[in-house]
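# Observations on the three-dimensional arrangement
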Amino acid sequence: MMNTELKKIQVIIVDDEEETLDLLATILKRDKEIELMASYTNAEDAVVGILKHQPDMVIMDINLPGISGVAAVVQVKVALPKVHFLMYTAFEDKRLADAIIAGADGYILKHDSSDAIIPAIKSILAGDLEMNPHITRMAMEYFTQKNKQIEHNYTPEEVRLMRALANGLGNKQIAPLENNTEGGIKQKLFKLFKKAQVKNRAEMVKIYLESIE
């Protein structure tokens, strides 16, 4: 007999307040189309769990102990660019613009109605969630201003390589974009990492995003 059961939307939640985690868990469990896979109170554990479970959606607080939610988005997007992020925060300011630049798909403010969370998740997965134009404009302004700054320190080729890494591309995918071989890209990245004094792709992406934020 054919299994006609639809695949559930797999979600992970990250917030440093247990009360908030309990609230989010209660909301998610009301929807039969959603499966809560795990919850975490810090970004370091969350990154490990996200890479392990590979959920469809992560509801991520921005202000966390240790590394921020924005930094966690960067780390995950390098390895799993298809994972979606819904930022859950109390503040509608530059931090949200940072999150959008890092790869977040949308946001919910904590003082908004909790009824908006499920529709936001489904809208993001459907590709039609609209974000506040003010936040989007803020993100683009930061990107434009800081992108000019990074161009003073790195060559256009190096900036393109950093942008490709931030978009989650591997050496094999970058090679044809740069009219180069996979081995050639590996060598160029090695030199770039040495110049930037970083050890891996995640650290390089972090520097890139910090430069354009």
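Below is a summary of the structure that appears in this document. (Residues numbered from 1 in each chain as written. Predicted model: local features only at pLDDT ≥ 70, side-chain atom pairs only at ≥ 80, totals over all residues. Heavy atoms only, no water.)

## A few points about the overall build of the protein
Basically, it comes down to this: Here a strand is any run of E in DSSP of at least two residues, a helix any run of H or I of at least four, and the numbering for each starts at the N terminus. When checking whether two residues touch, look at their non-hydrogen atoms; a contact exists if any pair is within 4.5 Å. Here the accessible surface of atoms and residues is derived via Shrake-Rupley with a 1.4 Å probe, and residues count as covered only by protein chains that are part of the display.
Each helix and strand in the protein was counted, giving 10 helices and 5 strands. The long-range share in the protein, meaning contacts at least 24 apart out of those at least 6 apart in sequence, stands at 66%. On the protein, roughly 11,800 Å² of surface is accessible, and the fraction owed to carbon and sulfur atoms is 51%.

## Some remarks on the sheet that holds strand β2 (residues 34-40)
Let me state the cut-off plainly: Paired strands are those between which DSSP finds at least two bridges. Orientation is described by lines fitted to C-alpha atoms, with helices fitted over the stretch in contact, and by angles between N-to-C directions that extend from 0 to 180 degrees.
Reading across from one edge, β2-β1-β3-β4-β5 is the order of the 5 strands in this open sheet, with parallel pairing throughout. In this open sheet, the two strands that pair with only one neighbour each are β2 and β5 (106-109). Sheet twist, expressed as the average angle between the axes of neighbouring strands with direction ignored, equals 20°. Looking at chain direction, strand β4 (residues 84-89) and β5 are connected through 4 bridges and run parallel. Looking at the pairing, T89 lines up with L109 of β5. Of the strands in this sheet, β1 (9-14), β2, β3 (57-60) and β4 are in contact with helix α2 (residues 43-53), which crosses β2 at around 145°.

## Some words on unusual backbone geometry
In plain terms, the rule: Relative accessibility decides the category of a residue: with a 1.4 Å probe and only protein chains considered, values under 20% of the type maximum give buried, values over 50% give exposed, and everything between is partly exposed.
Positive phi is not limited to glycine here, since Q54 has a value of about 50°. You can see Q54 is positioned in the loop between α2 and β3. Since its relative accessible area comes to 48%, Q54 is described here as partly exposed.

## A closer look at a negative patch on the surface
Here is the rule: A patch consists of residues whose relative accessible area exceeds 30% and which take part in no salt bridge; residues with like charges are grouped when within 9 Å of each other, and nonpolar side chains (Val, Leu, Ile, Met, Phe, Trp, Tyr) when within 5 Å. A side-chain nitrogen of Lys or Arg and a carboxyl oxygen of Asp or Glu constitute a salt bridge if their distance falls within 4 Å. Under the counting rule used here, the positive set is Lys and Arg, the negative set is Asp and Glu, and His together with the chain ends is not counted. Throughout, a charge is located at the NZ atom of Lys, the CZ atom of Arg, the CG atom of Asp or the CD atom of Glu.
A grouping of D16, E17, E18, E19 and D22 is seen on the molecular surface, where their side chains present a negatively charged patch. Mapped onto the secondary structure, D22 falls in helix α1 (residues 18-29).

## Some thoughts on the side chain of T20
Mapped onto the fold, T20 is located in helix α1. Once you skip the residues sitting within four places of it in the chain, T20 turns out to touch D15 and Y88.

## A word on the pattern of salt bridges
What the rule picks out here adds up to 8 salt bridges. Measuring nitrogen to oxygen at the nearest pair gives 2.8 Å for the salt bridge that ties R160 to E178. Here R160, found in helix α7 (residues 156-166), pairs with E178, found in the loop between α8 (171-177) and α9 (182-196); they are 18 residues apart in sequence, far enough to count as distant. Residue R160 is classed as partly exposed on the basis of its relative accessible area, which comes to 39%. Look at E178 and you get buried, because its relative accessible area is 17%.

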